[in-house]
Amino acid sequence: MTDNEWEPKIVAFCCNWCSYGGADTAGMGRFQQPSSLRIIRVMCSGRIDPMHVLNAFLEGADAVLVTGCHIGDCHYVNGNYKAEVRYRFLEEMVRELGLEPERLQLNWISASEGEKFANFVRDVTAQVKQLGPSPLKPEGVN
Amino acid sequence: MAQEESITETEEFIETEEASDPRIGVFVCECGVNIGGVVNCRAVADYAATLPGVVHSTVNKYTCSDAGQSEIKQAIMEYDLNRVLVASCTPKTHESIFRACVEEGGLNPYLFEFVNIREHCSWIHMQDKESATMKASELVRMGISRARLLEPLQSTEVPVTNRALVIGAGVAGMQAALDIADMGYKVYLVEKNPSIGGKMAQLDKTFPTNDCSICILGPKMVEVSRNRNIELMTYSEVEEVNGYVGNFKAKVRHKPRFVDITTCTGCGLCVQKCPIEVPDFEFNEGIGTRKAIYVPFPQAVPLRAVVDRSVCIDCGACSKACESHSINMEQEETFSDLEVGVIVVTTGYDVYNPEPTHDFGYGLYDNVITGMELERLLNASGPTMGKLVRPSDVRPPKRIGFIQCVGSRDKKRNRYCSGFCCMYALKDAQLIREKYPDSEVYIMYMDIRAPFRNYEEFYDRARDMGIKFIRGKPGRVTEDKDSNITVRVEDTLTNNIYNLELDLLVLSVGAVASESSERVRQLLKVSRAADGFMMEAHPKLKPVDTTLDGIFIGGVTQGPKDIPYSVSQGSACAARATRYLAQGKASTEGITVDVDRDTCVGCGICVPMCPFQALSMTDGKLEIIKALCKGCGTCAVACPTGALQQDHFKNNQILAQVRSAFIFEGE
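Fair warning: this is a prediction, and the values are worked out from it, not measured in the lab.

**Q** Looking at this model, I keep getting lost on the sheet that holds strand E11 (residues 236-244) of chain B. Mind explaining?
**A** Strands belonging to one sheet form pairs held by backbone hydrogen bonds; the direction of such a pair is parallel or antiparallel. All names here are of chain B. The strand order E11-E12-E17 describes an open sheet built from three strands, whose pairing is antiparallel. Edge positions in the sheet fall to E11 and strand E17 (334-340), since each of these pairs with one other strand and no more. Adjacent strand axes in the sheet meet at a mean angle of 20 degrees when their direction is disregarded.

See below:
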């Protein structure tokens, strides 16, 4: 398998109200994307536990995306603000674990921003392809 | 080594609560060719059948159809299923349908798992069928892992306060308020301006019948003010909204008018005596003037004066003139706390403002005006008593041109079509030709959009009246020393380039989301669409619902539309909202948080995490008010002992999905 053919596996945590809807809108708009993403839907980005993110890396994710509503638009008032605070902590953790910072990304995407969602998937996939498989990926895991 | 330790900790983190004997039925939907044309659904179903817990796996042409749902219900009986997984489209539109289906089949609705292989798979990997099939299989594998851990949940019923709040008293809000009130419920109608009526009150005539706008709106405004079930709150703004469907609490701020609304008769003596005169931007688009104390317009409801303290010099002339002693300069703002069951938002729009970017010379040349300014100039009770004059020299213009799509259908401004600008230009052009038969009227357009009943005929009539149409977007607008305008435009149908000399140029500006709408949107947490207007729950099937239970949007706050469409949406909002009021109860989401009292150490870290005050500590014990919990799960993340868990999104359920996203090669 050459580097070019290697498709990274990216876990994306999406909130029910905005970013999951953004992924839906990307689908409705037929914005073609690499097949790297595995979306896990949660009700709010504030539900994304740092443990979920670290677990995804330990299980074999080449990158993890934390996504939610734009600040000010949270369906639960300010869950995304709390998600951002936890994300800042995770950024440090990722560095400690020896991962490149590109492997963990935060993005606010509204339900109407299908094109933005698709572009994000394309950009992150391209970045991770450059980096190659995550050093934390257990041997033999696909 | 460190990695191994983490994994061990994770094992503990994932509590195993798998059903003793998970019996999962998997239904893979082809959605016609939407999924089946890209994903090999048979292969996905066959793969699912090999996974632990799956006892039945099949493919449907349309799983959501009556036949597909019957098949699910039958399979629940036949295979004694205790979990159902459907791999089809998005839960945003179909989760409730399938939850109801499995419930009819005898299962708890929360034992249903949804996997999205259409929006998130077939539609975005159309060119790579192999990858799409593999990804669909993996998404189903993740869903099955989660399904094994799902637990039954109960939604709770809450009582509904039988009153409604309508925000914005334009034509859509007035209609919504009247309909709700006529169904027998109390309505608070909150309007930020001193009078109700909205943008429609400013218009001269309305297309396609050319009937006078205020003649049809005025009686409706009076009807609103006289309806005993409507409590009108003008010059008021919603400051705060809390709660949930059935039990919203809103704080409304009443701005001081400095006039006692209960005793003022709207006689206007105070206005006559007021020495201060300023341009009237509120109603007359800056054309003409008003006093520091003023009645917004002759047909205003309520017909009461209001003082603009930013220009008032406190001379006291109005007080002396007022026979009913209604002027009170000491008046302060007051607040009302409302409790309502449902909220209808009809906060309207702003007309696009071409000033900052000087579109087609607007703001640089006096004789370039907007469509709304023209409405005021044509209006019989407007600042010129309906006499059309051009701003530079107050002379009647002979040659008038319209430019369409100003601010609309333009990637540099707003991409969308504002819908009503073609029609109002056709209307105003007709009115000008009727009033001034010797005038020349030109409409420069990209496409004329006249889609509803009698609209195309209205366009024909404009052509028959001798209005000249030039298909093309002008390139340049210049002004000479006499303030005459020259528009350079290519007629793209004939390839002729014209240098059109005009006395007056009217820009047919579109609609944009207003600042005040945006403030209300943020207050309520209604989603924002890409065009800036508020977003409906579903573009076709839920056009006035929002994703928030009990909150509805209608009129131009949801996107540009004309009067009949706005009125229809006002009625639609009323019908959707009164479903809750009529039933007197609403069921809330079954997904809430639960605490394991044995593990909870009473630290209280979770309490401030909740934005809905659903959590509190009493004597070191955590209390959860389920009716207030909206199930976001933010508090569960903060819990240091794992005692708080969000139903349906428990750590073990999420982590099972994470884990099964990956697989050992050859496994």
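Past the structure itself, the notes keep going.
**Q** I tried to follow unusual backbone geometry on my own but got confused; where do I start?
**A** With the exception of glycine, the majority of residues adopt a negative phi angle, and the majority of peptide bonds are in the trans configuration. Residue and element names in this part refer to chain B. Residues Phe207 and Pro208 are joined by a peptide bond in cis, for which omega reads -5 degrees. Tracing the backbone through its elements, the reader meets Pro208 in the loop between strand E8 (205-206) and strand E9 (211-212). The phi angle at Phe258 is positive, at roughly 65 degrees, despite the residue not being glycine. Mapped onto the elements, Phe258 comes out in the loop between strand E12 (247-254) and helix H9 (269-273). For Phe258, a relative accessible area of 10% translates into the label buried. The phi angle at Asp619 is positive, at roughly 50 degrees, despite the residue not being glycine. Tracing the backbone shows Asp619 in the loop between strand E32 (615-618) and strand E33 (621-624).

**Q** Sorry, what's going on with the packing of helix H2 (residues 50-59) of chain A against helix H18 (residues 651-660) of chain B here?
**A** Any two packed helices are characterised by the angle at which their axes cross and by the distance between the axes. It is the contact of H2(A) with H18(B), at a shortest axis distance of 9 Å, that shows an interaxial angle of 25 degrees. Compared by their axis directions, H2(A) and H18(B) come out roughly parallel. The element H2(A) and its partner H18(B) pack so that their crossing is right-handed. Residues Met51(A), His52(A), Asn55(A), Ala56(A) and Glu59(A) of H2(A) form the contact with H18(B), whose own contacting residues are Asn651(B), Ile654(B), Leu655(B), Val658(B) and Arg659(B). Tallied by class, the residues present in the contact of H2(A) with H18(B) amount to five nonpolar, three polar and two charged.

**Q** Is there a simple way to think about the UniProt feature "domain: F420-non-reducing hydrogenase iron-sulfur subunit D" (unreviewed entry) in chain A in this case?
**A** Here the UniProt feature "domain: F420-non-reducing hydrogenase iron-sulfur subunit D" (unreviewed entry) sits at residues 10-132 of chain A. As annotated, residues 10-132 of chain A has a helix share of 46% and a strand share of 19%, and its two end C-alpha atoms lie 12 Å apart.

**Q** What is the right way to look at the sheet that holds strand E2 (residues 54-60) of chain B in this model?
**A** Residue and element names in this part refer to chain B. Strand order in the open sheet formed by four strands is E2-E1-E3-E4, with parallel pairing between adjacent strands. Because the sheet does not close on itself, it has two edges, and the strands there are E2 and strand E4 (112-116). Mean inter-strand twist for the sheet, computed between neighbouring axes without regard to direction, equals 15 degrees. Pairing between strand E1 (residues 24-29) and strand E3 (residues 83-88): five bridges, direction parallel. Along E3, the bridge assignment pairs Val26 with Leu85. The sheet strands contacting helix H4 (residues 91-104) are E3 and E4, and the helix crosses E4 at an angle near 150 degrees. Taken strand by strand, helix H6 (residues 129-147) contacts E1, E2, E3 and E4, and its axis lies near 165 degrees from that of E4.

**Q** When you look at the interface of chain A and chain B in this model, what are you seeing that I'm missing?
**A** Quite often, the size of an interface is put as the accessible area lost when its parts meet. Contacts between the two partners involve 57 residues from chain A and, on the opposite side, 56 residues from chain B. Of the roughly 5000 Å² buried between chain A and chain B, counting both surfaces, carbon and sulfur atoms make up 59%. The largest contributions to the chain A side of the interface with chain B come from Arg38(A), Arg41(A) and Arg47(A), which together make up 13% of the buried area. In this structure, Arg521(B) engages Asp73(A) in a salt bridge whose closest nitrogen and oxygen atoms are separated by 3.0 Å. Linking chain A with chain B are 25 residue pairs in polar contact (both at pLDDT 80 or more), by the criterion used here. Sorting the residues of the side of chain A that touches chain B by element identifies strand E1 (10-15), helix H1 (19-28), strand E2 (37-42), H2 and helix H3 (79-96) of chain A as the ones contributing at least two each.

**Q** Would you mind showing me how to read the state of the cysteines here?
**A** Covalent bonding between the sulfur atoms of two cysteines defines a disulfide. All names here are of chain A. For the structure shown, the criterion picks out two disulfides over all chains. Covalently, Cys18 is tied to Cys69 through a disulfide, its sulfur atoms 2.3 Å apart. What sets the handedness of the Cys18 and Cys69 disulfide is the S-S torsion sign, and at about 95 degrees it is right-handed. Highlighted residues: Cys18 in the loop between E1 and H1 and Cys69 in the loop between strand E3 (63-68) and H3, separated in sequence by 51 residues.

Criteria and cut-off values
Residues numbered from 1 in each chain as written. Chains lettered and ligands numbered in written order. Predicted model: local features only at pLDDT ≥ 70, side-chain atom pairs only at ≥ 80, totals over all residues. Heavy atoms only, no water. Pairing = 2+ DSSP bridges. Helix = DSSP H or I, 4+ residues; strand = E, 2+ residues; numbered from the N terminus. Axes fitted to C-alpha atoms, helices over the stretch in contact; angles between N-to-C directions. Buried < 20%, exposed > 50% of the residue type's maximum accessible area, 1.4 Å probe, protein only. Parallel < 35°, antiparallel > 145°, perpendicular 65-115°, else oblique. Left-handed = near helix turned anticlockwise from the far one by under 90°. Contact = heavy atoms within 4.5 Å. Nonpolar A, V, L, I, M, F, W, Y, C, P; charged D, E, K, R; others polar. UniProt positions renumbered as here; feature names shortened; annotations may be inferred. Buried area = accessible area lost by both parts, 1.4 Å probe. Salt bridge = Lys/Arg side-chain N within 4 Å of Asp/Glu carboxyl O. Polar contact = N/O pair within 3.5 Å; in protein donor to acceptor, adjacent residues only side chain to side chain. Disulfide = S-S within 2.5 Å.

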